[in-house]
Amino acid sequence: MSSGEMSTNISADSRMSASTQKLPVMPSSDIQDLICIGFGPASIAIGVALTDAQLLSPNVTFLERQPKFSWHSGMQLPGAKMQISFLKDMATPRNPHSHFTFINYLFAKGRLNNFINLSTFLPSRAEYEDYLRWVARYFEHRGVVRYGQEVVAVEPQKSSSGKVSHFNVTSRHVATGEVTTRSSKRVVVAVGGKARLPPQFPESHPQIVHSSQYSSRVHRTLPDSQRPYHIAVVGNGQSGAEIFNDLPSRFPNAKVTMIIKGAHLRPSDDSPFVNEVFDPDRVDGTFAQDPEVRAQAITLDKATNYGVVRLELLEHLYDTLYSQKVKNPDPSSWSLNIIPQRQVVSTANVDGKLLLKMKKVEGGKVVNGDDSELAVDAVFVATGYLRNAHEDILKQTRDLLPEAQREGTKFTVSRDYKVLYDESKIQEGAGVWLQGCNEKTHGLSDSLLSILAVRGGELVESMFGKELASTGVERVRAMI
Ligand code: NAP
């Protein structure tokens, strides 16, 4: 049984004992050094930084709800490209010598020269997912990853001093329902975004699918690829545009209508000066800003990421729509349409169809008059993500917050992402760190891949001490 686990999980434990032989011997205790909740890119980057610093040990555990590693599997569409440079991988910006760079992945896979011949910084999303899986496998082989574990609670535990010395992390096995509690001095919550379905779209409706589940549900929702379905896509970000672009190849006889709030689809700004907003060294300045000034700056730079589409895809879509006009000027013959300045305000089931009731949007607001309806076979709702899953996971720790912050649901973090609990209640070194939900304090890069390599190193420094973290990196460098 691994340290700090209070229930048995025989297969996982035997895997662990077989695979941890290569790890440095660390003093074992009932309380783990670190539990990361979620094993997506943010946690993987922490694992990479720990490994680079020679601090990965059997006393580290990554808990992941999915049954195996996957990265945005619902949006793995044929031909979809990354939107950031492969150089912003899990290691390079922090430590280009690392084993875990994208270039080393290409080398290990025997594709380095072929990739160079592509002359691109933007690999396909499928290849990037394969890279992440290659990195993830390193940790799987060392027995520190537990899949199928949904964390349901984090509960503070006091030592004899009366201060919180560690946290009990309780998870439920998604397939078997078995509940396990592990204890750890440090907990990282890095659970990513959860699908944001606006209230006008009922949850668990067979004809309403959020973009995050597009690939896995599209053919279950619309089983006959030859049928002349009418399909709607809502949302004017990258996900909506990619789905709008993908549907005609899956359903050549379908009519596809995109419904957007704005007057037109807009390009993402990835020009070089603006792109500096994602540089890791910008986080210090952003964090230090007055909150109001920071909020204004984030709004100003929103078009780098939210509700915008890569120019290349916009040009392709425009070309496709134009070709329809060339073939036949009659709009009723067009299979692809964009309805601008409309918002779906309610839905109804009518004769097997889903009726979308829409209102006009002017100046960003829904206005009366000019209402319309559209009967469709399914709607794909690409309305983005919420980043508040940590609030529920951590609710049993709210009593540790300073009194003024205990009301409500929010958790405040310091620059090093550590939750600002009342220091008098927590033993030094113990704590909870939040990843990917700090855009308001740490800036627009917070939920993106761009800063993960550097941030992973910052987390290791914050959790294990600067000296230990940097000594490890120096040791690795000296070995190269
Ligand atoms: P997003 O950028 O947040 O866009 C969601 C869109 O939905 C926004 O335009 C939003 O408009 C709109 N919306 C929200 N509520 C709505 C409602 N009730 N009715 C109609 N529209 C509504 O989400 P996303 O497109 O999923 O992108 C999320 C992130 O994933 C981005 O960083 C994106 O770049 C990334 N992504 C990357 C790839 C790739 O690498 N190939 C593919 C897909 C996504 P308002 O803002 O006006 O509310």
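Provided above is the structure to which this section pertains.
Please read all numbers here as calculations on a predicted model, not as lab measurements.

## Observations concerning the site of the ligand
Next up, step 1: Near the ligand there are 23 residues, and of these Gln83, Arg125, Ser239, Glu242 and Asn305 occur at the shortest range.
Next up, step 2: Taking Glu242, its side chain carries an N or O atom lying 2.8 Å from a nitrogen atom of the ligand.
Next up, step 3: Gly307 places a main-chain nitrogen or oxygen 2.8 Å from an oxygen atom of the ligand.
Next up, step 4: Protein contact buries 83% of the 910 Å² of open area that the ligand shows by itself.
Next up, step 5: It is helix H7 (residues 238-250) that contributes the most residues to the shell around the ligand, three residues altogether.
Next up, step 6: Grouping the amino acids of the shell around the ligand by side-chain chemistry returns six nonpolar, twelve polar and five charged.
Next up, step 7: For the shell around the ligand, the two domains that each supply at least three residues are domain 1 (3-18 + 28-193 + 387-479) and domain 2 (195-268 + 306-384).

## Details of the sheet that holds strand E15 (residues 378-381)
Next up, step 1: With parallel pairing, the five strands of this open sheet are ordered in space as E8-E15-E9-E10-E11. Here the strands that pair on one side only, and so sit at the sheet edges, are strand E8 (208-210) and strand E11 (336-339). Averaged over all pairs of adjacent strands, the angle between strand axes in this sheet comes to 20°, irrespective of strand direction.
Next up, step 2: Pairing analysis gives four bridges linking strand E9 (residues 230-234) to E15, with the strands arranged parallel. Bridge pairing in E15 places Val234 opposite Val381.
Next up, step 3: Strands E8 and E15 of the sheet are contacted by helix H6 (residues 214-221), whose axis makes an angle of about 165° with E8.

## Considerations on the packing of aromatic side chains
Next up, step 1: If you walk through the whole model with that rule in mind, you get 22 aromatic pairs.
Next up, step 2: Taking the centre distance of 5.9 Å and the plane angle of 15° together, the rings of Phe100 and Phe139 count as stacked. Here Phe100, found in the loop between strand E2 (60-63) and helix H3 (102-108), pairs with Phe139, found in helix H5 (residues 125-141); they are 39 residues apart in sequence, far enough to count as distant. The residues Phe100 and Phe139 share a single accessibility class, namely buried.

## Remarks on the sheet that holds strand E12 (residues 342-350)
Next up, step 1: Read across the open sheet, the three strands follow the order E12-E13-E14; overall the sheet is antiparallel. Every interior strand has two partners, whereas the edge strands, E12 and strand E14 (365-376), have only one. On average, each strand axis in the sheet is inclined to that of its neighbour by 20°, with strand direction left out of account.
Next up, step 2: For strand E13 (residues 353-362) and E14, the ladder comprises eight bridges, and the chain directions are antiparallel. Its bridge partner lying in E14, Leu356 is registered against Leu374.

## Some details on the environment of Gly384
Next up, step 1: By the element assignment, Gly384 lies in the loop between E15 and strand E16 (385-386).
Next up, step 2: A sequence separation of 78 residues divides Gly384 from Tyr306, and the C-alpha atoms of the two residues are 8.3 Å apart.
Next up, step 3: Not counting the four nearest positions on each side in its chain, Gly384 is found in contact with Lys194, Ala195, Arg196 and His210.

## As for the pairing of E9
Next up, step 1: The buried count for E9 comes to five of five residues, which makes it a mostly enclosed element.
Next up, step 2: Judged by which residues are buried, E9 turns out to be covered on both faces: His230, Ala232 and Val234 on one side and Ile231 and Val233 on the other are all buried.
Next up, step 3: Here E9 runs beside strand E10 (residues 255-259); their pairing, made up of five bridges, is parallel. Within the sheet, the bridge partner assigned to Ala232 lies in E10 and is Thr257.
Next up, step 4: Running through H7, the crossover from E9 to the neighbouring parallel element E10 is right-handed.

Cut-offs applied
Residues numbered from 1 in each chain as written. Predicted model: local features only at pLDDT ≥ 70, side-chain atom pairs only at ≥ 80, totals over all residues. Heavy atoms only, no water. Near = heavy atom within 4 Å. Polar contact = N/O pair within 3.5 Å; in protein donor to acceptor, adjacent residues only side chain to side chain. Areas by Shrake-Rupley, 256 points an atom, 1.4 Å probe, with all protein chains shown as cover. Helix = DSSP H or I, 4+ residues; strand = E, 2+ residues; numbered from the N terminus. Nonpolar A, V, L, I, M, F, W, Y, C, P; charged D, E, K, R; others polar. Domains from an automatic or database assignment. Pairing = 2+ DSSP bridges. Axes fitted to C-alpha atoms, helices over the stretch in contact; angles between N-to-C directions. Contact = heavy atoms within 4.5 Å. Phe/Tyr/Trp six-rings, centres within 6.5 Å; stacked < 30°, edge-to-face > 60°. Buried < 20%, exposed > 50% of the residue type's maximum accessible area, 1.4 Å probe, protein only. Right-handed = clockwise from strand over helix to strand, strands pointing away.

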